[in-house]
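Listed below, chain by chain, are the residues.
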Amino acid sequence: MNDDTTAHGIRIRPGSLADAPAVLDMLDSAVAWMNDRGNTEQWGTTPYSQNPGGVERVERYTTENTPYIAELDGTPVGALVLDSGPSPQMPIAPAGEPERYVRLLVSDRRHAGRGIGAALLAHAAEETRRAGVDLLRVDCWAGGGGELVAFYERNGFPPTDRFLSGSWPGQVLARRVR
């Protein structure tokens, strides 16, 4: 087993523009999955690929940022995008030091419970460490019952700052990797 394959058989590789359709499919499936469970606040009810700018945003993520794709048996089942800071469109204060920032984390809900998100976050921490950077941050929806915040906490990200983007409640979480 090489160093980019986890114990669960998840292989993590660098992503590219060719992965944009698979990432969009995962995002569309995530919206439908959330909506089926009554969550219409986190990402709304429109499929991500049909949101204004959704396709272009994913294409930018796969060309201007640092994307990683998780695969099971050669099939993309998760995606993570790293950047050097939070989205300028979000009301999130700069870290005040070099950082890596998780701009997107999504997994294929058909493979839920396989540790895909956790594997991608562990990979992001390793990539951050390899880059000689100490801080890895992420932000997420803090609404509902707080399940998403709890997921990041279980993966080593203590919560730091809360914020509002319009009426959307968010939470920044940070992890020291060195």
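Not measured: the values here are computed from a predicted model.

**As for the nonpolar core**
Turning to step 1, where the next piece is worked out: By size, the foremost hydrophobic cluster in this structure holds 26 residues, and its most contacted members are Leu80, Val102, Leu105, Leu120, Leu121, Leu136 and Tyr152.
Turning to step 2, where the next piece is worked out: Secondary-structure elements contributing two or more residues to this core are strand 1 (10–14), strand 2 (66–72), strand 3 (75–83), strand 4 (99–107), helix 3 (116–130), strand 5 (135–141) and helix 4 (147–154).
Turning to step 3, where the next piece is worked out: Among the elements that make up this core, the one with the highest residue count is helix 3 (six residues).
Turning to step 4, where the next piece is worked out: Core analysis: the next-biggest nonpolar cluster, separate from the first, contains 15 residues, Leu24, Val58, Tyr61 and Ile69 among them.

**What about the side chain of Thr128?**
Turning to step 1, where the next piece is worked out: By secondary structure assignment, the location of Thr128 is in helix 3.
Turning to step 2, where the next piece is worked out: Using a relative accessible area of 0% as the deciding quantity, one classes Thr128 as buried.
Turning to step 3, where the next piece is worked out: Apart from the residues lying within four places of it in its own chain, the contact partners of Thr128 are Arg100, Val133, Leu135, Leu136 and Val177.

**With respect to the pattern of salt bridges**
Turning to step 1, where the next piece is worked out: Counted under the stated rule, the structure contains 12 salt bridges.
Turning to step 2, where the next piece is worked out: Salt-bridge contacts for Glu97 lead to Arg176; the nearest nitrogen and oxygen are separated by 2.8 Å. Of this pair, Glu97 sits in the loop between strand 3 and strand 4 while Arg176 is found in strand 7 (residues 168–176), placing the two residues 79 residues apart along the sequence.
Turning to step 3, where the next piece is worked out: Residue classification places Glu97 among the partly exposed residues on the basis of a relative accessible area of 30%.
Turning to step 4, where the next piece is worked out: Residue Arg130 pairs with Glu126 through a salt bridge whose shortest N-O separation is 3.7 Å. You can see Arg130 and its partner Glu126 sitting in helix 3, four residues apart, about one turn around the helix.
Turning to step 5, where the next piece is worked out: Residue class for Glu126 comes out partly exposed when judged on its relative accessible area of 30%.

**Quick look at the sheet that holds strand 4**
Turning to step 1, where the next piece is worked out: Ordered in space as 1-2-3-4-5-7-6, the seven strands form an open sheet in which the pairing is mixed. Strands with a single pairing partner mark the edges of an open sheet, and in this sheet they are strand 1 and strand 6 (159–165). For this sheet, the mean inter-axis angle between neighbouring strands, taken without regard to orientation, is 25°.
Turning to step 2, where the next piece is worked out: Bridging between strand 6 and strand 7 involves five bridges; their strand directions are antiparallel. Across the sheet, Leu164 pairs through a bridge with Pro169, a residue of strand 7.

**Structural notes on the side chain of Gln171**
Turning to step 1, where the next piece is worked out: Mapped onto the elements of the fold, Gln171 is located in strand 7.
Turning to step 2, where the next piece is worked out: Side-chain polar atoms of Gln171 contact the backbone oxygen of Asp161, separated by 3.2 Å.
Turning to step 3, where the next piece is worked out: In this structure Gln171 touches Val138, Asp139, Cys140, Ala142, Val149, Pro159, Thr160, Asp161, Arg162 and Phe163, once residues within four positions along its chain are discounted.

**Structural notes on the packing of aromatic side chains**
Turning to step 1, where the next piece is worked out: On inspection of all chains with the given rule, the structure shows three aromatic pairs.
Turning to step 2, where the next piece is worked out: Taking 5.2 Å as the distance between ring centres and 70° as the angle between the ring planes, the aromatic pair formed by Phe151 and Tyr152 counts as edge-to-face. Of the two residues, Phe151 and Tyr152, both sit in the buried class.
Turning to step 3, where the next piece is worked out: Residues Phe163 and Trp168 carry aromatic rings whose centres are separated by 6.2 Å and whose planes lie at 40° to one another, so their mutual orientation is tilted.
Turning to step 4, where the next piece is worked out: On the basis of relative accessibility, which here comes to 9%, the residue Phe163 falls in the buried class.
Turning to step 5, where the next piece is worked out: An aromatic cluster is built from Phe151, Tyr152 and Phe157, whose rings are joined through pairwise contacts.

Scoring rules and cut-offs
Residues numbered from 1 in each chain as written. Predicted model: local features only at pLDDT ≥ 70, side-chain atom pairs only at ≥ 80, totals over all residues. Heavy atoms only, no water. Core = buried A, V, L, I, M, F, W, Y, C linked by side-chain atoms within 4.5 Å. Buried < 20%, exposed > 50% of the residue type's maximum accessible area, 1.4 Å probe, protein only. Helix = DSSP H or I, 4+ residues; strand = E, 2+ residues; numbered from the N terminus. Contact = heavy atoms within 4.5 Å. Salt bridge = Lys/Arg side-chain N within 4 Å of Asp/Glu carboxyl O. Pairing = 2+ DSSP bridges. Axes fitted to C-alpha atoms, helices over the stretch in contact; angles between N-to-C directions. Polar contact = N/O pair within 3.5 Å; in protein donor to acceptor, adjacent residues only side chain to side chain. Phe/Tyr/Trp six-rings, centres within 6.5 Å; stacked < 30°, edge-to-face > 60°.

Honestly, that's just the spatial picture; any functional story needs more than this.
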